[in-house]
Amino acid sequence: MICENGQTQETSRRLNSSDIFDQSERLGGLQASGAINGIEQIRLNQADCSTQDISGRANKRRVDPPGKIVERLKRIEDRHLSHLKAHQHLLESQLDHVKEEQQEFRKELQELEEEIYNLVSSEGKSQRPSEPEESE
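Rules used throughout
All residue numbers here refer to positions counted from 1 along the written sequence of the relevant chain. Under the rules for a predicted model, residues below a pLDDT of 70 receive no local features and side-chain atom pairs below 80 are neither given nor counted, while totals for whole chains, interfaces and linings still include all residues. Excluding hydrogens and water, the side-chain figures rest on all heavy atoms present in the structure. Secondary structure elements follow DSSP: runs of H or I no shorter than four residues count as helices, runs of E no shorter than two count as strands, and numbering proceeds from the N terminus. Partly exposed residues are those whose accessible area sits between 20% and 50% of the maximum for their type, while under 20% is buried and over 50% is exposed, using a 1.4 Å probe and protein chains only. Only heavy atoms matter for contacts: two residues are in contact if any of them lie within 4.5 Å across the pair. Each accessible area is a Shrake-Rupley result for a 1.4 Å probe, and residues are judged covered by the shown protein chains and nothing else. We define a salt bridge as a side-chain nitrogen of Lys or Arg found within 4 Å of a carboxyl oxygen belonging to Asp or Glu. Each patch groups residues whose relative accessible area exceeds 30% and which form no salt bridge, using 9 Å between like charges and 5 Å between nonpolar side chains of Val, Leu, Ile, Met, Phe, Trp and Tyr. Under the counting rule used here, the positive set is Lys and Arg, the negative set is Asp and Glu, and His together with the chain ends is not counted. Think of each charge as sitting on NZ of Lys, CZ of Arg, CG of Asp or CD of Glu. One confidence number per residue, pLDDT, is output by the predictor and ranges from 0 to 100.

## Considering the overall build of the chain
Thinking step 1. Assigned secondary structure in the chain consists of one helix and four strands.
Thinking step 2. Along its sequence from the N terminus, the chain presents helices and strands in the succession β-β-β-β-α.
Thinking step 3. Buried positions account for 1% of the 136 residues belonging to the chain.
Thinking step 4. Taking contacts inside the chain between residues at least 6 apart in sequence as the whole, the part at least 24 apart equals 0%.
Thinking step 5. As displayed, the chain has an accessible area near 14100 Å², and 52% of this comes from carbon and sulfur atoms.

This is the structure:
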């Protein structure tokens, strides 16, 4: 039943054509494995689970032939080295930029020092020699 606008409506209970077969046959089941200390244990029925081997461990990766493994390893190596090379180029360009800024900074400082020196020396020349003070 579905409730719509405050009124209950009857729904059809027809079977979907895709649900004809019992789907639980494809799922793993549960089985009782016995009691330990008075507590009954329940575990998965491993016979229905295709992702586990006989020992019960999950088999998550497929086994590739050695040639495929080496090929994958080579692709990983190439991709990583390419990434490192790009990062190296970025760092080198940043280092070059810092060196250029350092040179410009030193050049500007040197120019300012020269200007200050010229100002100090020109002030000394333009000033009249002061009269000697009289001793009392």
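## Some words on the pattern of salt bridges
Opposite charge on two side chains permits pairing when their charged atoms draw close.
Thinking step 1. Per the counting criterion, the structure on display carries two salt bridges.
Thinking step 2. One salt bridge connects glutamate 71 with arginine 75, and the closest N-O pair in it is separated by 3.1 Å. In this pair, glutamate 71 and arginine 75 both sit in helix α1 (residues 66-126), four residues apart, roughly one turn of the helix.
Thinking step 3. For arginine 75, a relative accessible area of 44% puts it in the partly exposed group.
Thinking step 4. In this structure, glutamate 77 engages lysine 74 in a salt bridge whose closest nitrogen and oxygen atoms are separated by 3.4 Å.

## Structural notes on a nonpolar patch on the surface
Thinking step 1. A grouping of Phe105, Leu109 and Leu112 is seen on the molecular surface, where their side chains present a nonpolar patch of about 300 Å² in accessible area.
Thinking step 2. With respect to the element layout, leucine 109 can be found in helix α1.

## Describing a negative patch on the surface
Thinking step 1. A cluster of acidic side chains, namely Glu92, Asp96, Glu100, Glu101, Glu104, Glu108, Glu111, Glu113, Glu114 and Glu115, defines a negative patch on the protein surface.
Thinking step 2. Position of glutamate 111 among the secondary structure elements: in helix α1.
Thinking step 3. Relative accessible area serves as the criterion here: at 40%, glutamate 111 is assigned to the partly exposed category.

## Thoughts on the confidence of the model for the chain
Thinking step 1. When the pLDDT values of the chain are averaged, the result is 74; 47% of them are 70 or greater.
Thinking step 2. Mean pLDDT per element in the chain: strand β3 (residues 30-36) is the minimum at 56, and α1 is the maximum at 94.

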